[in-house]
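Chain residues, written in single-letter form:
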Amino acid sequence: MRKFIPFYIVPILVCCCQPATNRSGEVIAQIGNTPDSDSCFAKGVSGAACGIVKGRLILTGGANFPDTPACDGGEKRFYDRIYSSEAGIEHEADSLCWTLCGTMPRPFAYSVTCTDDDCMYIIGGQGMSGGLSEVYGITVTDCGITCDSLYSMPFTLDNSYGTVIDHDIFLVGGNRNGRPTDSVFRLDLTNKDIALCATIPGGPRVQPVCASSGRKIYIWGGFHQPVDSSGNTITDSCTIHTDGWCYDIDTGKWTLLPAPHSDDGVELTLSGASMIRYDSRYLMAVGGVNKDVFLNAIKGKYPSPDYLRHDVSWYRFNPYVLLFDTLTNEWEILSKSGLAARAGSSLVRNESFAILVGGETKPGIRSTKVCSVRRM
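If you're wondering where the values come from, they're calculated on a predicted model, not measured in any experiment. (Residues numbered from 1 in each chain as written. Predicted model: local features only at pLDDT ≥ 70, side-chain atom pairs only at ≥ 80, totals over all residues. Heavy atoms only, no water.)

Draft legend 1. Focus on the overall build of the protein chain. A tally of regular secondary structure across the protein chain gives 2 helices and 32 strands. Radius of gyration (C-alpha) of the protein chain: 19 Å, near the 21 Å computed for a compact globule of 376 residues. Taking the principal axes of the C-alpha coordinates as reference, the protein chain spans close to 55 × 50 × 45 Å. Relative to its 376 residues, the protein chain shows a buried fraction of 57%. Counting contacts in the protein chain only where the partners sit at least 6 residues apart, residues at least 24 apart contribute 57% of the total. Accessible surface computed for the protein chain: about 15400 Å², of which carbon and sulfur atoms make up 48%. Averaging the locations of the 33 positively and 40 negatively charged side chains of the protein chain gives two centres separated by 2 Å. (Helix = DSSP H or I, 4+ residues; strand = E, 2+ residues; numbered from the N terminus. Rg over C-alpha atoms; globule rule 2.2 N^0.38 Å. Buried < 20%, exposed > 50% of the residue type's maximum accessible area, 1.4 Å probe, protein only. Contact = heavy atoms within 4.5 Å. Areas by Shrake-Rupley, 256 points an atom, 1.4 Å probe, with all protein chains shown as cover. Lys, Arg positive; Asp, Glu negative; His and termini not counted. Charge placed at Lys NZ, Arg CZ, Asp CG, Glu CD.)

Draft legend 2. Up close: the packing of aromatic side chains. Per the counting criterion, the structure on display carries 17 aromatic pairs. A ring pair is formed by Tyr-307 and Trp-314, whose centres lie 6.1 Å apart and whose planes are at 70°; its orientation type is edge-to-face. According to the relative accessible area criterion, Tyr-307 is buried, its value standing at 16%. What links up through ring pairs into an aromatic cluster is the set Tyr-218, Trp-220, Phe-324 and Trp-331. It is Arg-176 that lies over the ring of Phe-155; its NZ or CZ is 4.7 Å from the centre. The side chain of Arg-349 reaches across the aromatic face of Tyr-278, ending 4.2 Å from its centre. (Phe/Tyr/Trp six-rings, centres within 6.5 Å; stacked < 30°, edge-to-face > 60°. Lys NZ or Arg CZ within 6 Å of the ring centre and 35° of its normal.)

Draft legend 3. Highlighting the pairing of strand β23 (residues 254-257). Strand direction decides the pairing type here: strand β22 (residues 244-248) and β23, joined by 4 bridges, are antiparallel. Residue pairing for β23: Cys-246 is matched across the bridge by Thr-255. (Pairing = 2+ DSSP bridges.)

Draft legend 4. Molecular detail of the pairing of strand β13 (residues 161-165). With respect to burial, β13 is a largely interior element, 5 of its 5 residues being buried. Side chains Tyr-161, Thr-163 and Ile-165 of β13 all project onto a buried face; the interleaved residues Gly-162 and Val-164 project onto the opposite face, where all are buried too. Examined bridge by bridge, β13 and strand β14 (residues 168-172) share 5 bridges and lie antiparallel to one another. By the bridge assignment for β14, Ile-165 is matched with Asp-168.

Draft legend 5. Structural detail: the nonpolar core. Val-184, Ile-217, Trp-220, Leu-270, Met-275 and Trp-331 are the most contacted members of the largest nonpolar core, which has 28 residues in total. Residues Ile-31, Cys-40, Trp-98 and Val-357 belong to the second largest nonpolar core, which totals 20 residues. (Core = buried A, V, L, I, M, F, W, Y, C linked by side-chain atoms within 4.5 Å.)

And the structure:
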């Protein structure tokens, strides 16, 4: 293993504390913001890497349009700074105090982020030059934070999702070498090896979500925007997935899973949502795009840049906190809240509750909100 630079948490560095607005009795409530003293994060980020390591919430990477809005042709900017904060042990955390700890080797966003054995793994992603293949591990020591270079995959991977089973990381969907994939890869960091272990039924899925329970992987959402040899979208073949699949890694069998539904019974897609294993039985999902609006967008039915100029409500991002029961294969709506209506957020588990960080409220516009989420 090659360590490139150790970074140390030093309280006299940039530190930003924000008062909490959380209240007892709520499923989802704001507990702070992304670091507002940093111009890179002051407007919020999407596609950031987040994890909780030894009681500290780690935030790094992400992308936004800090200067000129996307609707006016602004350039997307990627970030490399690493921040940490005490993650808190209760739903009603008093504040978030962010400390600048160092930088990653390069700016990035849209990676797979998983935590296992007190290490936060950052896998692939996108940077200014395109897809990335590196795997890094962030750990917390008595001296501070260190970031290790662990592995370089034989391909780039971005907008994928991941989960850990018995210390192996399973990577689901996304773009492999810039092309949408339906693959499930097993990444074995002990033996420095990555191998294809399954193919998702129904075709490629970019920006899916997944989580594991026992020796099974649960997958939902994702989209596919195929193009022809000239780079033109094949509109009739564009797909937004609403269904889910369960993959048993021991038997190699797939089982079809139900889609989540809105409170008025409409099928939801979890494309662009965030998902975690909440406990040994339940999986939690938050947010995601609206399937009808987004499908029309990838088909090119909305002229650009007008598509980016609508009010937030026009995009109808999913405002739901959802819970999936792996024993009954049933979905439950825990909450309907504007705080959940985001895509590209980061959701991490912290003992008795989860933490939702950033994301976008509409294409090009990021959220600075950090929220706690719990099952009542």
